[in-house]
Amino acid sequence: MKPARQFDTHWRERLALADGTEVELRLVRPEDAELLRQGFEQLSPRSRLGRFHAPKSRLTDAEVHYFTSVDGEQHLALGAVSRGPEGQEEGLAIARFIRMARDSDVAEAAVTVVDAAQGKGLGRLLLERLVEAARERGVERFEFLVLPGNAAMFRLLDELNPDGTPVRGDEDALCVTLPLATTPHRKWRLLLLLLGLAARGALSVLGPAPERTPEPGEAPPPSDA
């Protein structure tokens with residue numbers, strides 16, 4: 001019998017962001033397809049370019065299905081919503097992990113926040129809960145490739161990472177590993193910085209490392225939105 005989990009379909013968490021905005025955190029479900037489309041429309045062209053590495057005007061039906069119809073084990077997504085003037089939900093952010101192989105203890109992670117909600121601490125809050133949810137499911141580390149494209153980015157990573165989050169690679173690519181069981185909150189600053197830079201198009205985050213092989217019948221995972 002599996003132990004009880006905090007992050008299941010019944011999980012709800014209400015909190016206020018730094019500017020007082022009230023949000024609710026919960027698991028993403030198939031019924032959120034329209035919320036996802038609306039959230040995509042709230043991403044600036046620059047944010048879309050950083051996430052997809054190419055101009056993108058819309059999400060395909062297949063992408064929407066992939067991002068919302070998650071199984072909660074191999075692929076888990078947490079969402080943040082607020083309430084509009086008439087009480088309707090408005091999507092603000094999504095954090096997800098996707099295992100690199102079935103039942104693997106390594107997964108890739110992504111956090112996306114709509115432009116209007118950025119800079120309010122929402123990405124950090126979602127990342128913290130994503131780490132906790134991943135631990136519940138036996139994921140031991142997040143791992144991804146970073147292609148910074150210049151030596152200055154390597155020096156920046158060294159300055160931000162003086163106490164040794166595992167970073168390996170050469171002048172062309174980095175593999176950054178975040179061990180979930182032993183990672184203190186201060187190291188999440190590194191991961192949030194990398195995800196933030198990627199969302200703004202300042203670098204490419206290509207994950208997982210090595211490349212995850214889709215299961216039979218599974219659509220190849222496009223970049224998060």
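Residues numbered from 1 in each chain as written. Predicted model: local features only at pLDDT ≥ 70, side-chain atom pairs only at ≥ 80, totals over all residues. Heavy atoms only, no water.

(A) How the structure looks around the pattern of salt bridges. Following the criterion strictly, the structure yields 15 salt bridges and no others. For Lys120, the salt bridge goes to Asp19, with nearest N and O atoms at 2.8 Å. Placement of the pair is Lys120 in the loop between strand 5 (106-113) and helix 4 (122-136) and Asp19 in the loop between strand 1 (12-16) and strand 2 (22-27), with a sequence separation of 101 residues. Since its relative accessible area comes to 22%, Lys120 is described here as partly exposed. For the salt bridge of Arg124 with Glu128, the shortest nitrogen-to-oxygen distance reads 2.9 Å. Residue Arg124 and its partner Glu128 are located together in helix 4, separated by four residues, close to a single helical turn. Using a relative accessible area of 39% as the deciding quantity, one classes Arg124 as partly exposed. In this structure Glu128 comes out as buried when scored by relative accessible area, which is 11%. (Salt bridge = Lys/Arg side-chain N within 4 Å of Asp/Glu carboxyl O. Helix = DSSP H or I, 4+ residues; strand = E, 2+ residues; numbered from the N terminus. Buried < 20%, exposed > 50% of the residue type's maximum accessible area, 1.4 Å probe, protein only.)

(B) Just helix 4, in detail. End to end, helix 4 covers 21 Å across 15 residues, agreeing with the expected 21 Å (1.5 Å per residue, within 8%). The buried count for helix 4 comes to eleven of 15 residues, which makes it a mostly enclosed element. Within helix 4, the full set of buried residues consists of Leu122, Gly123, Leu125, Leu126, Leu127, Glu128, Arg129, Leu130, Val131, Ala133 and Ala134. (Expected span 1.5 Å × (residues − 1).)

(C) Just the packing of helix 1 (residues 33-41) against helix 3 (residues 61-68), in detail. One way to put it is that helix 1 packs onto helix 3 with a least axis distance of 9 Å and a crossing angle of 115°. Here helix 3 runs roughly perpendicular to helix 1, going by the angle between their axes. In this structure, helix 1 crosses over helix 3, and the sense of that crossing is right-handed. Contacts between helix 1 and helix 3 involve Ala33, Leu36 and Arg37 from the first element and Asp61, Val64, Phe67 and Thr68 from the second. (Axes fitted to C-alpha atoms, helices over the stretch in contact; angles between N-to-C directions. Parallel < 35°, antiparallel > 145°, perpendicular 65-115°, else oblique. Left-handed = near helix turned anticlockwise from the far one by under 90°. Contact = heavy atoms within 4.5 Å.)

(D) How the structure looks around helix 1. By the burial criterion, the buried members of helix 1 are Ala33, Leu35, Leu36, Gly39 and Phe40. Viewed end-on, helix 1 has its buried residues packed into an arc of 160°, placing them on one side of the element. (Arc of directions from axis to C-beta.)

(E) Fine view of the packing of aromatic side chains. Inspection of every chain in the model, using the stated rule, returns three aromatic pairs. Ring geometry for Phe97 versus Phe142: centroids 6.4 Å apart, planes at 35°, classification tilted. Here Phe142 lies in strand 6 (residues 141-147) and Phe97 lies in strand 4 (residues 89-99), a separation of 45 residues in the sequence. Taken as a pair, Phe97 and Phe142 share a single burial class, namely buried. (Phe/Tyr/Trp six-rings, centres within 6.5 Å; stacked < 30°, edge-to-face > 60°.)

(F) Quick peek at the nonpolar core. Ranked by internal contacts, the top residues of the largest apolar core, which has 33 residues, are Leu25, Phe97, Leu122, Leu126 and Phe142. Counting residues per element, the ones that place at least two in this core are strand 2, strand 3 (75-83), strand 4, strand 5 and helix 4. Considering each element in turn, this core owes the most residues, eight residues, to helix 4. If you look at the next biggest cluster of nonpolar residues, it comprises twelve residues, including Val28, Leu36, Leu59 and Ile94. (Core = buried A, V, L, I, M, F, W, Y, C linked by side-chain atoms within 4.5 Å.)

(G) How the structure looks around the pairing of strand 1. Direction of pairing for strand 1 relative to strand 2: antiparallel, over a ladder of five bridges. From the neighbouring strand, Ala16 faces strand 2, where its bridge partner is Glu22. Hairpin connection from strand 1 to strand 2: five residues lie between these consecutive antiparallel strands, with Gly20 at a positive phi of about 95°. (Pairing = 2+ DSSP bridges.)

(H) Representation of unusual backbone geometry. With a phi close to 65°, Asp103 is a non-glycine residue in the positive phi region. Inspection of the secondary structure puts Asp103 in the loop between strand 4 and strand 5.

All quantities given are derived from atomic positions and should not be read as evidence of function.
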